[in-house]
Amino acid sequence: MKKFLKKDNLLWLGIIFFILIIVHFPLLTKNIIGADILLNNYYYEGYSWELSLGRFGLLLVGFIKGFLSVPYMDLFISFLLIGMSILLIIDLFEIKKTITKILCIILFSLSPIVSATLLFHYCAIGYFLAFFTGIFSIYIFYKAKNKYLKYMVSLLAIIISLSMYQAYFSLIITFFVIYNLYLLLNNKINYKEAFKYLLIFILGVILYFIMMKLTLVIFDINMANYSNANKIGIDTIFKFPSKFVDSYILFYKFFFTDKIVKNTYVYNHIINLLLLIILLINLTLIVYKNKVSISNIIMGILIIVLLPVFLNSVIFVINDAKLQLLMSTSYLFIFLLIIILNEYEFKIKYLTLFLLIILFRNYLIQDQASYVSLENSFNKYKTIIDSSILKNVNDLDKKFVIIGKINDKKDNSLAKIYDLNYGYICDDNIFWDEYNLRKLAFLRFVYEYYGLEINFALEDEYNYILNNRNTDDILYSINDINVIDFYNY
């Protein structure tokens, strides 16, 4: 702890905090929400959903927070956890050069993966605590001299990380592999130690699984079938061959398509390709320069070939898990490896630096475009709902219904902004399409922003209006029900 309270580290922590505030300032000052955030704003104690997904650690975080969900508090603590995680990485990889430290900070400050996680501020602390403890488990294992700290604290950190977000299974595996590849390249790898950590990790996963099952029994909750989370375990083993292929498909989708994060609109797919080629070139040059042994070269080749498997390892333990931006945190460590290997004095480092600058510039654009997209969507919803509620403020006993969603592409002046965001929640509707969730979100929206309690149409009435709309108006009445029709917006 004393090591991390040094003046130099505190200075770097301050720099990280400042950069995060500047980049993500809109999250602190504007109405930037999605459906999940709308439903779980301000005071959130309904952790039964998280418990049903095996994320029992989030309940503990909620309890510590008094179940309050205040954006600036959640974000500031998240920034602190991000900063501490970066400092762990810098120390573990023994990064000395200032430029390399700055690139690492920028990567974790600007990445759309981090931005998308911060958007879910009501559980961001838990997610970034999972991020921190996942990294800390490896840091303490390789740095601690005391065996109690080395094994027990590392084991505890793994359990904490998985209890917050079990998708970080991939994060821990990938960070462990990347760090050992780094050791291998520098002829410092200790296979016996690596094997010991893997045993601790497996034990941590088993203990997490047992604790998760006990939590479900204690709270009398069934495991959710979301992404088939209820089939964690033996059912997934029989799908290993197909999952192996899927991991390479997901690797391709993440770096070269718009399926997980929008790449093509800012040409990130080209930059990603060039950086991956440079990574392979750097690996080859380092092997030659450091005279890495044949056995280590073979192991290194095996690691590189299996990287997509490590990156997406969570799909091997959660049946039908679909990779999205929040679950892609492990991919950050590929860019981290590229940055760290750029410390070697190869001429190609200048091209790498140039490509990283362009990539980070694109990340900044995507983050800000995402925030503008969400703010604009919120403002449009609020304006139309304003008109409807105020128009009928003396007749709130009548039923209301909201159908359709905003088609932001109709606004040509903003169309480019929607192309430039990183996708995921930014292109989603603030109100879910499913009736019960839409009803809940709309009632919450009206109560939070207008202080009014209104009646929402019954599901049969909702479906009738949905299937019998015959007007181009945004606001109208059918069967004495006030309709807000975003199909016509």
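Rules used in this analysis
Residues numbered from 1 in each chain as written. Predicted model: local features only at pLDDT ≥ 70, side-chain atom pairs only at ≥ 80, totals over all residues. Heavy atoms only, no water. Helix = DSSP H or I, 4+ residues; strand = E, 2+ residues; numbered from the N terminus. Buried < 20%, exposed > 50% of the residue type's maximum accessible area, 1.4 Å probe, protein only. Contact = heavy atoms within 4.5 Å. Areas by Shrake-Rupley, 256 points an atom, 1.4 Å probe, with all protein chains shown as cover. Lys, Arg positive; Asp, Glu negative; His and termini not counted. Charge placed at Lys NZ, Arg CZ, Asp CG, Glu CD. Pairing = 2+ DSSP bridges. Disulfide = S-S within 2.5 Å. Salt bridge = Lys/Arg side-chain N within 4 Å of Asp/Glu carboxyl O. pLDDT = per-residue confidence, 0-100. Core = buried A, V, L, I, M, F, W, Y, C linked by side-chain atoms within 4.5 Å. Axes fitted to C-alpha atoms, helices over the stretch in contact; angles between N-to-C directions. Parallel < 35°, antiparallel > 145°, perpendicular 65-115°, else oblique. Left-handed = near helix turned anticlockwise from the far one by under 90°. Nonpolar A, V, L, I, M, F, W, Y, C, P; charged D, E, K, R; others polar.

Engineer: An account of the overall build of the protein chain is requested, with residue identities and associated values reported.
Structural biologist: If you tally the helices and strands in the protein chain, you get 22 helices and 6 strands. When the backbone C-alpha atoms are referred to their principal axes, the protein chain occupies close to 80 × 50 × 50 Å. Residue burial in the protein chain is summarised as follows: out of 489 residues, 56% are buried. Considering only intrachain contacts with a sequence separation of at least 6, the fraction spanning at least 24 residues in the protein chain is 80%. Carbon together with sulfur atoms contributes 65% to the accessible area of the protein chain, which is approximately 22000 Å² in total. Taking the 43 positively charged and 36 negatively charged side chains of the protein chain as two groups, their mean positions are separated by 15 Å.

Engineer: A description of the sheet that holds strand β4 (residues 455-456) should follow, citing residues and the corresponding values.
Structural biologist: Taken together, the 4 strands give an open sheet; going across it, the order is β4-β3-β6-β5, and neighbouring strands pair in mixed fashion. With one partner strand each, in any of the chains shown, β4 and β5 (475-478) form the two edges of the open sheet. In terms of strand pairing, β5 meets strand β6 (residues 481-485) through 4 bridges, oriented antiparallel. Bridging across to β6, Leu475 finds its partner in Ile484.

Engineer: Hey, could you go over the pairing of β6 for me, with residue numbers and the actual values?
Structural biologist: Within β6, 5 of the 5 residues are buried, leaving the element largely enclosed by the surrounding structure. When strand β3 (residues 399-403) meets β6, the two strands line up parallel, connected through 5 bridges. Bridge assignment links Ile402 to a residue of β6, and that residue is Ile484. Hairpin remark: β5 followed by β6, antiparallel, with 2 residues in the connecting loop; positive phi at Asn479, about 50 degrees.

Engineer: So what about the state of the cysteines? Which residues, and what values?
Structural biologist: All told, the structure shown has 0 disulfides when counted by the stated rule. Looking at Cys426, it has no disulfide partner, and the nearest cysteine sulfur is the one in Cys123, 16 Å off. When its relative accessible area of 1% is taken as the criterion, Cys426 is described as buried.

Engineer: Give a description of the pattern of salt bridges that names residues and reports values.
Structural biologist: With the rule as written, the count across this model stands at 11 salt bridges. Across the pair Asp74 and Lys65 runs a salt bridge whose closest N-O atoms are separated by 3.1 Å. Among the residues examined, Asp74 registers a relative accessible area of 2% and is labelled buried. Several salt bridges converge on common partners, so that one network encompasses Lys150, Glu193 and Lys196.

Engineer: Describe helix α8 (residues 112-119), naming the residues involved and giving the relevant values.
Structural biologist: Counting buried positions over the 8 residues of α8 gives 8, a clear majority of the element. Turning to α8, its buried residues are Pro112, Ile113, Val114, Ser115, Ala116, Thr117, Leu118 and Leu119.

Engineer: Talk me through the confidence of the model for the protein chain; I want residue IDs and the actual numbers.
Structural biologist: For the protein chain, the mean per-residue pLDDT works out to 89, and 94% of the residues sit at or above 70. For the protein chain, the element scoring lowest by mean pLDDT is helix α13 (residues 234-237), at 58; helix α11 (residues 169-185) scores highest, at 97.

Engineer: Provide a residue-level description of the nonpolar core, including the pertinent values.
Structural biologist: Core analysis: the largest hydrophobic core is formed by 170 residues, its most contacted members being Phe93, Phe333, Leu336, Phe431 and Phe442. Look past the residues within four positions of Phe442 in its chain and what remains in contact with it is Ile385, Phe400, Ile402, Phe431, Ile454, Phe456 and Ile484.

Engineer: I'd love a proper account of the side chain of Ser330, names of residues and values included.
Structural biologist: Within the secondary structure layout, Ser330 lies in the loop between α17 (307-311) and α18 (332-341). Under the relative-accessibility criterion, Ser330 is labelled buried at 1%. The contacts of Ser330, once residues within four sequence positions are left out, are Ser170, Leu171, Thr174 and Leu311.

Engineer: Quick one: what's the story with the packing of helix α1 (residues 7-23) against helix α6 (residues 71-92), residue by residue and with numbers?
Structural biologist: Where α1 meets α6, the axes come as close as 9 Å, and the angle between the chain directions of the two elements is 130 degrees. Our classification of the angle between α1 and α6 gives oblique. In this structure, the crossing between α1 and α6 has a hand that is right-handed. Listed contacts from α6 to Asn9, Trp12, Leu13, Ile16, Phe17, Leu20 and Ile21 of α1 are Phe76, Phe79, Leu80, Ile82, Gly83, Met84, Ile86 and Leu87. Considering only residue class, the contact of α1 with α6 consists of 13 nonpolar, 2 polar and no charged.

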